[in-house]
Amino acid sequence: MKATLPPEQAETDILPVSGDTETSAVARVLLRKRLSFKQARNTALVTLALGLVLSTAQITIDLLDMERQSDQLVRQVLSIMREAAAESAYSFDQALADRVVTGLFEYKPIYRAVILEDFGNQLAARERPQAEGQLKWLAEMLLPVEKTYSIPLVIERHNQNVGELRVSIDRFLIAQEFFRRSGVVLSTGIIWTVALALILVVMFYSTLTKPFLRMSSAIAEINPLRPADKLLSVPMRHEDDELGLLAKTINEVLVQFDHSLVERVRAEQALRERETRLSGIMDNVADGIITLDEDLRIETMNSAAEALFGYANGEAVGQPFVTLIEERDWTRVAVALMACLRRAEEEQRPDNRAEIQGRRRQGEVFAMAFGVSQMRLGDRRTAICVVQDITQRKRAEQALRESEERLKLAVRATRSGVFDNSYTKSTYWWSPEFIEMLGYDAVDAMYANKLFDGLLHPDDKDMAQNQIERYLNGEVGDYLSLYRLRHRDGSWVWIEARGQAIRDETGRPLRFTGTMTDVSDRKRFEEQLMYVSTHDPLTGLPNRTLVQDRLQHALAHAGRKDTTVAVLLLDVDRFKLVNDSLGHQAGDKLLRALAQRLGSCVRAADTVGRLGADEFLIVAEDLPDPQMAACVAETILVSLSRPFGIDGQQLFVTTSIGISLFPGDGADFHALMRDADTAMHNAKASGGNGYRFFTPEMNEAAVARLSLEHSLREALEQGQFFLHYQPKIAMADMQAVGVEALIRWQHPEIGMIPPGKFIPVAEETGLIVPLGEWVMRAALAQIQDWRSRGFAPIPVAVNVSVRQIATPMFGERVFALCQEYGVPPELLEIEITETAMMSNLAYIADTLNEIRGRGIRIAIDDFGTGYSSLSYLRRLPITTLKVDRSFVNEAPTNADTGAIAATIIAMGRQLGLKVVAEGIETEEQLEFLRQHHCDELQGYFFSRPLPPGDLEARFLQPTGVLEVAG
């Protein structure tokens, strides 16, 4: 039914069919939003764009036509004037040329005209200003090239070119007509476009906008709860067009929607009833039940679930289910939930039960069983989770597992297995863990008897079986057996078996049970301990203990077979130099290389051992001839002559070898070692890099040396030493300018013992340190005595060993002694041999600098016999060079030696050092030294070493007679 409408709206409005007399308000839409306006605007824009394209095309065509017409007109004008211009150029008639040019200017676009003769000279020209205007820039843009025309001037009767006529056109005058025509075209197009747009707006508004606005108002009045009560009416004029079809479609949708609302109300009522019944059931179930939506948020929880997680009624609804699950289990729970929600109804339901960790509201974590299933409510899917608290059950299971694990760990920790043999049932069993320890499958545990026979080492089989039988027969009280079983990888495992038998009344064994423990590590440790105790850890060679054992066996064997055994004791010459220069790490590498090379020099039956440090011992057995020991020593010396490559350096090593023989030199280990050591030291004293056999004379010398060492200690205690002094004579005036203190030993029984005999013993035994301090004290006391008795101060030189200088605080000790005796430091001079200093330069350099810093002078004794390196002379605080007596003795008679001596003197003077020559005995030697300007002289030519009294009488002067510089 139609509603009552104003006459002007009756034919175009569509209203709902209703008895309601209220008129719906027309929906208002902004003008720019209206469909009619948008369509009109778009149509006008398209029309305008099309008009601009067409107008542009028309203007372009006009522009091209205008240029073409201008070109034609100019060329016509030029052709008219060509003949007159040619005549003027031919006759050089300037007046005629001017008239031709003036005639050309009757054509307004021309602003410049020129007539040129055939030689290029200008015959006549005229130019006027170009036209100006606001659109001149547009004309220059449209006609970018200036229009200039040129025609040749030809006299046809003579067929002769006599010149050229050239004119230029004003582009702006040509373009003005074009601008006028273009303005008309553009104005017409714009007016037409605007008019068309207005017409379209009116038409679209009346045919589209108004009907749709009325339809929107009618739809807005529809009751959402009863949409079918008010339907849209369709006017007759729109019965068959799109507007009518739209209204009919809307009416059908409203009717269907109304029917759906009625059905929905009924379904919701039924659903509420089912929810009420389900809620009652869930609240009475002992297990926790939780429903989740598709976002895995809690929809419902029954009372059991709320009590389990510690929530009040309805408090957990809407929270994420993740809050109820321990973090480490959430990932797999989420996967199970999503898989359940996405599963189609026809798919087979997988087992979605698991044991996870839950989390109560207070944060307490507990074990729970978790199961999930899917429920559909129309198109919506819901996950139903069933949870149970299994804390008590898990604790019981954990206690059981821990008990079993403790038992397994106890067995595994001892690397043990259990065996059980039942003789009544004829069954034999090993624990599966032990079977697996041997690398076999646990299922083989039931066949232990066959397994035992197959895995037992052949060498241990009889012994192991015998021990079992003896125990079972009662012959021994305890069962303890050690044997080897084969591992699956082929290795052998040491097993220690202990067991206990259960017997009947007659003593017959019924059952035999015990443990089998893997003691392979213990056996390996025992073997390793034995190896370590008998071998050198650096080289892997036998040590003293093993060498002694092998030598004793070799001696026993040689005694039975009447053969010879040779003991070769080797000591590496100057090995300390390697450690001091290259470091102990390089020294260790050298010792290992030495051990390998020595092993290649002897037979397989011989023994090469290391006694310690750089000492090696070789035991050569079953020698048919004692001289075979010399062949072994020579082989070693030749082999060691080849260099050793250590850390990129080539090292050359020599060794001193001492040889003792059985049965000639000794009958036991200690005697042979003593004799070999004596022979080795004799070889080293002979310069090294050789071998010596032991002789009785060597033993006598060793005994004498030991006796000398003992006497040296007594001499220090009893004061048997005294000093002699040898003067140093100045070359300039032949006066004594210093003395050297030399130690002497008067033995109460032997008599005078020369320093060359007891000083090396003191060096080797370390007695040189207390002996050197005695000399220092005696010399300082003598200096102070001479000063107190009025003698002129004279410096005293004291020989010092490197071992003394290397002692801690040596510099401070010497200075303290000077202060103790009241002697100025400049009256004391320290002498050290060049060879000894260079062998320990790294240790004594700082001490020498400290001594010199205290004012004490330093002299290098025996210079020229050692390294004679200028570098250390520059680095060390040396004040004096003492030329060795070997150069002085031969200098006058041997040109080479004389050259060396002269060079040493000149070098010392060049370095600012005082040079002292030792061992002067002849006039020729003195003359040689005088010619080469040696500073000071010392030797028997002037005086032997003298006691203090004789020195005073011959060389010392009272104070004031002789001044000696400090």
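Computed from a prediction, not measured in an experiment: that's the story for all the values here. (Residues numbered from 1 in each chain as written. Predicted model: local features only at pLDDT ≥ 70, side-chain atom pairs only at ≥ 80, totals over all residues. Heavy atoms only, no water.)

Draft legend 1. Region of interest: the overall build of the protein chain. Scanning the protein chain for helices and strands turns up 29 helices and 32 strands. Burial status across the protein chain gives 42% buried among its 966 residues. Across the protein chain, the fraction of contacts at a sequence separation of at least 24, relative to all contacts at a separation of at least 6, is 62%. (Helix = DSSP H or I, 4+ residues; strand = E, 2+ residues; numbered from the N terminus. Buried < 20%, exposed > 50% of the residue type's maximum accessible area, 1.4 Å probe, protein only. Contact = heavy atoms within 4.5 Å.)

Draft legend 2. Spatial organisation of the pattern of salt bridges. Using the criterion set out here, one finds 42 salt bridges in the structure. For R328, the salt bridge is made with E326, and the minimal N-O distance between the two is 3.8 Å. What makes E326 buried here is its relative accessible area of 12%. One network of salt bridges, in which partners are shared, links K728, E740, E829, E831, K882 and E918. (Salt bridge = Lys/Arg side-chain N within 4 Å of Asp/Glu carboxyl O.)

Draft legend 3. Looking closely at the confidence of the model for the protein chain. Residues at a pLDDT of 70 or more form 88% of the protein chain, whose mean pLDDT is 81. The low-confidence segment residues 961-966, where pLDDT is below 50, has 11 contacts with residues more than four positions distant or belonging to other chains. (pLDDT = per-residue confidence, 0-100.)

Draft legend 4. Highlighting helix 12 (residues 520-534). In this model helix 12 runs 21 Å from its N-terminal to its C-terminal C-alpha over 15 residues, within 8% of the 21 Å that 1.5 Å per residue would give. Buried-residue contacts for helix 12 involve strand 14 (479-486), strand 15 (492-503), strand 16 (509-518) and helix 13 (544-561). (Expected span 1.5 Å × (residues − 1).)

Draft legend 5. Local environment of the sheet that holds strand 4 (residues 147-155). If you trace the 4 strands from one edge of the open sheet to the other, you get 3-2-5-4, paired in antiparallel fashion. Here the strands that pair on one side only, and so sit at the sheet edges, are strand 3 (122-127) and strand 4. With direction set aside, neighbouring strand axes in the sheet form an average angle of 15 degrees. Bridge analysis of strand 2 (residues 110-117) against strand 3 gives 5 bridges, and the strand direction is antiparallel. (Pairing = 2+ DSSP bridges. Axes fitted to C-alpha atoms, helices over the stretch in contact; angles between N-to-C directions.)

Draft legend 6. Spotlight on the pairing of strand 18 (residues 607-612). Among the 6 residues that make up strand 18, 5 are buried, leaving the element largely enclosed by the rest of the structure. Note: strand 18 against strand 19 (residues 615-623), 5 bridges, orientation antiparallel. The residue of strand 19 that forms the bridge with T607 is V619. Joining the antiparallel neighbours strand 18 and strand 19 is a turn of 2 residues, in which A613 adopts a positive phi near 50 degrees.

Draft legend 7. Summary view of the environment of E294. Looking at the element boundaries, E294 is found in the loop between strand 7 (288-292) and strand 8 (298-301). Along the chain, E294 and A383 lie 89 residues apart, while their C-alpha atoms are 7.6 Å from each other.

Draft legend 8. How the structure looks around the nonpolar core. By size, the foremost hydrophobic cluster in this structure holds 78 residues, and its most contacted members are F758, M776, W786, V796, L828, L929 and L937. Ignoring sequence-local partners within four residues, the contact set of M776 consists of V798, V800, V814, L817, L828 and I830. (Core = buried A, V, L, I, M, F, W, Y, C linked by side-chain atoms within 4.5 Å.)

Draft legend 9. Looking closely at the side chain of H747. Structurally, H747 is set in strand 25 (residues 736-747). A distance of 3.0 Å separates a polar atom in the side chain of H747 from the backbone nitrogen of E749. Leaving out residues up to four positions away in the same chain, H747 has contacts with S711, Q720 and I753. (Polar contact = N/O pair within 3.5 Å; in protein donor to acceptor, adjacent residues only side chain to side chain.)

Draft legend 10. Structural detail: the environment of L78. Positionally, L78 belongs in helix 1 (residues 35-90). Residue L78 is classed as buried on the basis of its relative accessible area, which comes to 1%. L78 sits 26 residues away from L104 along the chain, and the two C-alpha atoms are 7.9 Å apart. Here L78 is in contact with L104, Y149, I151, L165 and V167, once residues within four sequence places are set aside.

Draft legend 11. The sheet that holds strand 14, seen in detail. Across the sheet, 5 strands lie side by side as 13-12-16-15-14; this open sheet has antiparallel pairing. The sheet is open, and its two edges are formed by strand 13 (427-430) and strand 14, each paired on a single side. In this sheet, neighbouring strand axes are inclined to one another by 20 degrees on average, regardless of whether the strands run parallel or antiparallel. Pairing geometry for strand 14 and strand 15, over 8 bridges, is antiparallel. Counterpart to L485 in the pairing with strand 15 is V493. Where helix 12 meets the sheet, its contacts fall on strand 14, strand 15 and strand 16, and the angle it forms with strand 15 comes to roughly 125 degrees.

Draft legend 12. The arrangement of the packing of helix 13 against helix 17 (residues 669-685) in detail. Put simply, helix 13 and helix 17 touch, their axes get as near as 10 Å, and they point 110 degrees apart. It follows that helix 13 is roughly perpendicular to helix 17 by the angle criterion. Between helix 13 and helix 17, the contacting residues are R544, Q548, L551 and L555 on the first element and F669, H670, L672 and M673 on the second. Class assignment for the residues of the contact of helix 13 with helix 17 results in 5 nonpolar, 2 polar and 1 charged. (Parallel < 35°, antiparallel > 145°, perpendicular 65-115°, else oblique. Nonpolar A, V, L, I, M, F, W, Y, C, P; charged D, E, K, R; others polar.)

Draft legend 13. Highlighting the pairing of strand 13. Judged from the 4 bridges that link them, strand 12 (residues 416-422) and strand 13 form a sheet pairing that is antiparallel. Of the residues in strand 13, the one forming a bridge with F419 is W430. Counting the residues between successive antiparallel strands, the hairpin from strand 12 to strand 13 contains 4 residues, one of them, S426, with a positive phi of roughly 55 degrees.

Draft legend 14. Region of the structure containing the packing of aromatic side chains. In the structure shown here, the tally under the stated rule is 14 aromatic pairs. An angle of 35 degrees between the planes, with centres 6.2 Å apart, marks the rings of F321 and F370 as tilted. Here the residue F321 occupies a position in the loop between helix 6 (303-309) and helix 7 (327-342), and F370 occupies one in strand 10 (residues 365-377), the gap between them amounting to 49 residues. Each of the two residues, F321 as well as F370, counts as buried. On the basis of an interplanar angle of 45 degrees and a centroid distance of 5.9 Å, the ring pair of Y471 and Y479 is categorised as tilted. (Phe/Tyr/Trp six-rings, centres within 6.5 Å; stacked < 30°, edge-to-face > 60°.)

Draft legend 15. Region of interest: unusual backbone geometry. The residue after F662, namely P663, is reached through a cis peptide bond having omega 15 degrees. As for its position among the elements, P663 is in the loop between strand 22 (655-662) and helix 17. Here R574, not a glycine, exhibits a phi torsion of approximately 50 degrees, which is positive. Looking at the element boundaries, R574 is found in the loop between strand 17 (564-572) and helix 14 (575-582). Residue R574 is classed as exposed on the basis of its relative accessible area, which comes to 58%.

Draft legend 16. Focus on helix 13. Between the first and last C-alpha of helix 13 there are 25 Å, a value that for 18 residues agrees with the 26 Å anticipated at 1.5 Å per step. Taken together, the buried positions of helix 13 are L546, V547, L551, A554, L555 and A558. Positive phi shows up at D562, right after helix 13, with a value of about 60 degrees.

Draft legend 17. Quick look at a nonpolar patch on the surface. Judged by side-chain polarity, L48, L52, L186, I190, V194 and L198 come together as a nonpolar surface patch covering roughly 520 Å² of accessible area. When residues of the nonpolar patch are assigned to their parent elements, the largest contribution, 4 residues, is made by helix 4 (residues 171-220). The topology assignment puts L52 in helix 1. For L52, a relative accessible area of 44% corresponds to the partly exposed category. (Patch = residues over 30% accessible without salt bridge, like charges linked within 9 Å, V, L, I, M, F, W, Y side chains within 5 Å. Areas by Shrake-Rupley, 256 points an atom, 1.4 Å probe, with all protein chains shown as cover.)

Draft legend 18. Looking closely at the environment of F722. Looking at where F722 falls in the secondary structure, it is placed in strand 24 (residues 721-730). Counting along the chain gives 19 residues from F722 to A741, while the straight-line C-alpha distance between them is 9.8 Å. For F722, the residues in contact, after removing those within four places along its chain, are L742, I743, R744, Q746, M752 and W774.

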